[in-house]
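Report on the structure
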Amino acid sequence: MKVSRPKFPGTMGTMSDEVRDNTERSRYELVVDGALVGIADYHLTGDHVVMPHTEIDADKRGQGFGAVLVKGALDDLRSKGRTVVPQCWYVAEFIDEHPEYHELLTA
């Protein structure tokens, strides 16, 4: 799924960002201009998805890529009717700061 990321001062042009579900490796991947720059691991437990870890390449941190990755993953999980257990601090913080994702939390 193609996603857009916010423009940040000092960033150039039109990057092509894609968040994809790599089911074989149980992770969402953020690909930017053909290069893998981030991952969000997950484990399926019924209709619940446990998200224990996210990681962005060190040279790409602080540019909004983490938010793009988590948003893309959460949007995909929502479309599949799944709920989320955010064990990763970043995923938990993202959901906390974006009320539109609160309904994805496992009760």
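The coordinates are above.
Residues numbered from 1 in each chain as written. Predicted model: local features only at pLDDT ≥ 70, side-chain atom pairs only at ≥ 80, totals over all residues. Heavy atoms only, no water.

Focus: the environment of Y90
As a reminder, the rule being used: Put simply, DSSP marks the helices as runs of H or I at least four residues long and the strands as runs of E at least two long, and each gets a number from the N terminus on. Residues are treated as being in contact if the distance between any of their heavy atoms lies within 4.5 Å.
In this fold, Y90 is placed in helix α2 (residues 89–97). Sequence separation between Y90 and M51 is 39 residues; the distance between their C-alpha atoms is 9.9 Å. If near-sequence neighbours (up to four positions away) are discounted, Y90 is found in contact with T54, G66, A67 and V70.

Digging into the pairing of strand β6 (residues 83–86)
The cut-off we apply is this: Two strands pair under a simple rule: DSSP has to find at least two bridges between them.
Relative to β6, strand β5 (residues 48–56) is paired through four bridges, and the arrangement is parallel. The residue of β6 that forms the bridge with V49 is V84.

Notes on α2
Put simply, the rule is: Three labels apply to residues, based on accessible area from a 1.4 Å probe with only protein chains included: buried if under 20% of the type maximum, exposed if over 50%, partly exposed otherwise in between. The arc refers to the directions leading from the helix axis to the C-beta atoms.
What α2 keeps buried is the set V91, F94 and I95. Within α2, the buried residues cover an arc of 95° as seen down the axis, which keeps them to one side. Of the residues in α2, the exposed ones pointing more than 90 degrees away from the buried face are W89, D96 and E97. Elements that come into contact with the buried residues of α2 comprise β5, α1 (65–79) and β6.

Section: the nonpolar core
So the rule is basically this: Residue types Ala, Val, Leu, Ile, Met, Phe, Trp, Tyr and Cys, when buried and joined through side-chain atoms within 4.5 Å, form a set referred to as a nonpolar core.
If you look at the biggest cluster of nonpolar residues, it comprises 24 residues, and the most contacted ones within it are Y28, L30, M51, L69, L74 and V84. At the level of secondary structure, the elements contributing two or more residues to this core comprise β3 (27–32), β4 (35–45), β5, α1 and α2. Setting aside chain neighbours within four positions, we find L30 in contact with D17, E18, V19, A35, L36, V37, G38, F65, V68 and L69.

Here we look at the layout of surface pockets
We apply this condition: Using a grid of 1 Å spacing that covers the protein atoms alone, one calls a set of points a cavity when a 1.4 Å probe fits there but cannot get out, and a pocket when the set is open and has protein on both sides within 12 Å along at least five of seven lines; lining residues are those with an atom within 4 Å of a point. Grid points are joined across faces, edges and corners, and a volume is the space filled by probe spheres set on the points. As a working rule, the residues Ala, Val, Leu, Ile, Met, Phe, Trp, Tyr, Cys and Pro are called nonpolar, Asp, Glu, Lys and Arg charged, and the rest polar, with Gly in that last group.
Considering only enclosed or pocket space, the largest pocket measures out at about 230 Å³ in volume. Lining the largest pocket are 16 residues, and of these T54, I56, R61, G66 and Y90 lie nearest its centre. Broken down by secondary-structure element, the contributors of at least two residues to the lining of the largest pocket are β5, α1 and α2. Per-class residue counts for the lining of the largest pocket are seven nonpolar, six polar and three charged.

Examining the environment of D33
As for its position among the elements, D33 is in the loop between β3 and β4. For the pair D33 and E18, spaced 15 residues apart in sequence, the C-alpha separation works out to 8.5 Å.

Side note on unusual backbone geometry
For S26, which is not glycine, the phi dihedral falls at a positive 50°. By the element assignment, S26 lies in the loop between β2 (17–22) and β3. In the Ramachandran plot, D33 falls in the positive-phi region, its phi being about 50° despite a non-glycine side chain.

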